[in-house]
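# A closer look at the structure
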Amino acid sequence: MTYSKTISPAPTARGRVTVPGDKSVSHRALLLSALAHGETRVSGLGMGGDVRSTRRVLTALGVEIRDEGEDVVVVGCGWEGLRAPAEPLDCGNSGTTLRVMMGILASTSFESTLTGDASLSSRPMERVAAPLRRMGATIETTAGKPPVRVLGGPLHGIDFESPVASAQVKTAVLLAGLRASGTTRVTEPERSRDHTERFFAAMGVPMTISGNAVTVDAGPLRALARFTVPGDLSSAAFWLAAGLLRPSHVARDGGDDGVVVLNALVNPTRTGFLEAVALMGGEIRVHPVSGGVEPTADLEARYGPLRGADLPPDVVVRAIDEVPILAVLATQAVGRTRITGAAELRVKECDRLAVMAETLTALGATVRELPDGLEIDGPTPLRGGRVDSHHDHRIAMSAAIAALCASGPVTIDRADAAAVSYPEFWETLDSVCGNPGLSV
Ligand code: S3P
């Protein structure tokens, strides 16, 4: 159901917050457990729309996945256990589901069709189809986009230089590589998030990582038995931004306990947001919690002044999903913030560069769109108004945080989009900011 939310300015932000299980890690926990043999008990799985799409697609392929209390148990059946689906596989809004499934289905002995919603149906798929065809699969896209028909077959390894740094592309090709004769190597222009490689290492896949290249040979995935998904750093970024922008008490002599996000993923291929905030002079304290397959930490944001900064491509690639919320921070920073190397944002759930420029301009910010980024001059007082999420979860949530420092209420149309990654976002906003978050 589509709905709008009206968010009032908030004088304060504080609290200790638990965020949903990381979306990228949740997808992989389900997918890779399904492709192993034996059961895996997954705790802390994200329950947003995208992860539910992955679960639905795996179920349609015959994989048994059951809820046990708070956990999800995946009964891994290997590639051999996958069954031809009766109907097209609906990936909803989830690019990760569709692209990674292409790599998984490329080596099956049946035909399948992958579809998605209107947003996913406008996103590029040739970046995955092209290397998989080179490996021997038959893949038909619809003018480069979904629906995508995959006719699986025997594959052979390739040496693939990806033109884009994309973990979805890398993961699809490496998974096909686990089923291909010979060696498969994927080289990226910059290193994308490495969750798949971490799972491979934990699941007994011999692999070589050298610079931006990952090499695998055919081999099985060993079931993990138990896996706990850390909190999503991309979701945490909204609360950290709220803590940077709003004091925890109206009267500063009341102490400042800030906003703390508990047990968030701090994988170094994902922590560009933390580095960007440091470049902007913001303070986020990192209190390590655990090592393991994925490192986690409690993250504590301290209210204080921000300054404009140059956020270069090597930082942005590790903060690609956080650019919208970084843009919100930049409107309140003193001086110019320049974000570059973010051209990929034009082919996300919407054109996030154009839509963030439109959204923040509507609220009174000074934003210039660059071909591959944004230039924002601050600080500008934001005003109330009406904006549209374009049915993109990260736009909806970024607009909500911008609303906290506006001079009047901001109505966000299609606010329901947040549930794609963060179904509890609006309730948590209430508890962090004491904001009524009225539904319209
Ligand atoms: C993801 C990879 C990134 C990211 C997306 C999730 C993943 O996309 O933006 O939200 O889980 O592999 P690209 O692979 O297209 O860069």
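Residues numbered from 1 in each chain as written. Predicted model: local features only at pLDDT ≥ 70, side-chain atom pairs only at ≥ 80, totals over all residues. Heavy atoms only, no water.

Here we come to the sheet that holds strand E9 (residues 145-151). Taken in spatial order, the 4 strands line up as E6-E7-E9-E8 in an open sheet, and their pairing is mixed. The sheet terminates laterally at strand E6 (89-90) and strand E8 (138-142), the two strands that pair on one side only. As judged from the 2 bridges shared by E6 and strand E7 (residues 111-115), these two strands associate in the parallel manner. Directly across from Asp90, in E7, lies its bridge partner Thr115. (Pairing = 2+ DSSP bridges. Helix = DSSP H or I, 4+ residues; strand = E, 2+ residues; numbered from the N terminus.)

Our next topic: the pairing of strand E13 (residues 183-187). In this sheet, E13 lies alongside strand E11 (residues 159-161) in parallel orientation, the contact comprising 3 bridges. Paired with Phe160 across the bridge in E13 is Val186. Both E13 and strand E15 (residues 213-217) contribute to a ladder of 5 bridges, which runs antiparallel. Looking at the pairing, Arg185 lines up with Thr215 of E15.

Contacts to the ligand come from 13 residues, most closely from Ser24, Arg28, Ser166, Asp321 and Lys348. The side chain of Arg28 places a nitrogen or oxygen atom 2.6 Å from an oxygen atom of the ligand. Asp321 has a polar side-chain atom sitting 2.7 Å from an oxygen atom of the ligand. Mapped onto the shell around the ligand, the elements with two or more residues apiece are helix H1 (23-35), helix H3 (95-105) and helix H5 (167-177). Looking at the shell around the ligand element by element, the count peaks at 3 residues for H1. Grouping the amino acids of the shell around the ligand by side-chain chemistry returns 3 nonpolar, 4 polar and 6 charged. Both domain 1 (5-21 + 230-439) and domain 2 (23-228) contribute no fewer than three residues apiece to the shell around the ligand. (Near = heavy atom within 4 Å. Polar contact = N/O pair within 3.5 Å; in protein donor to acceptor, adjacent residues only side chain to side chain. Nonpolar A, V, L, I, M, F, W, Y, C, P; charged D, E, K, R; others polar. Domains from an automatic or database assignment.)

Quick look at the domain arrangement of the protein now. In terms of domain boundaries, the protein breaks down into domain 1 (5-21 + 230-439) and domain 2 (23-228). Centre-to-centre, using C-alpha coordinates, domain 1 lies 29 Å away from domain 2. Residue-level contacts link 26 residues of domain 1 with 29 residues of domain 2. Summed over both sides, the interface between domain 1 and domain 2 buries roughly 2200 Å², with carbon and sulfur atoms accounting for 50% of that surface. Per-residue buried area on domain 1 facing domain 2 is highest for Val293, Glu349 and Val420; these three make up 24% of the total on that side. On the surface where domain 1 and domain 2 come into contact, there are 4 salt bridges. Ionic pairing is found between Arg127 and Glu344, a salt bridge with its closest N-O pair at 2.9 Å. Along the lines of polarity and charge, the residues of the side of domain 1 that touches domain 2 split into 12 nonpolar, 5 polar and 9 charged. (Contact = heavy atoms within 4.5 Å. Buried area = accessible area lost by both parts, 1.4 Å probe. Salt bridge = Lys/Arg side-chain N within 4 Å of Asp/Glu carboxyl O.)

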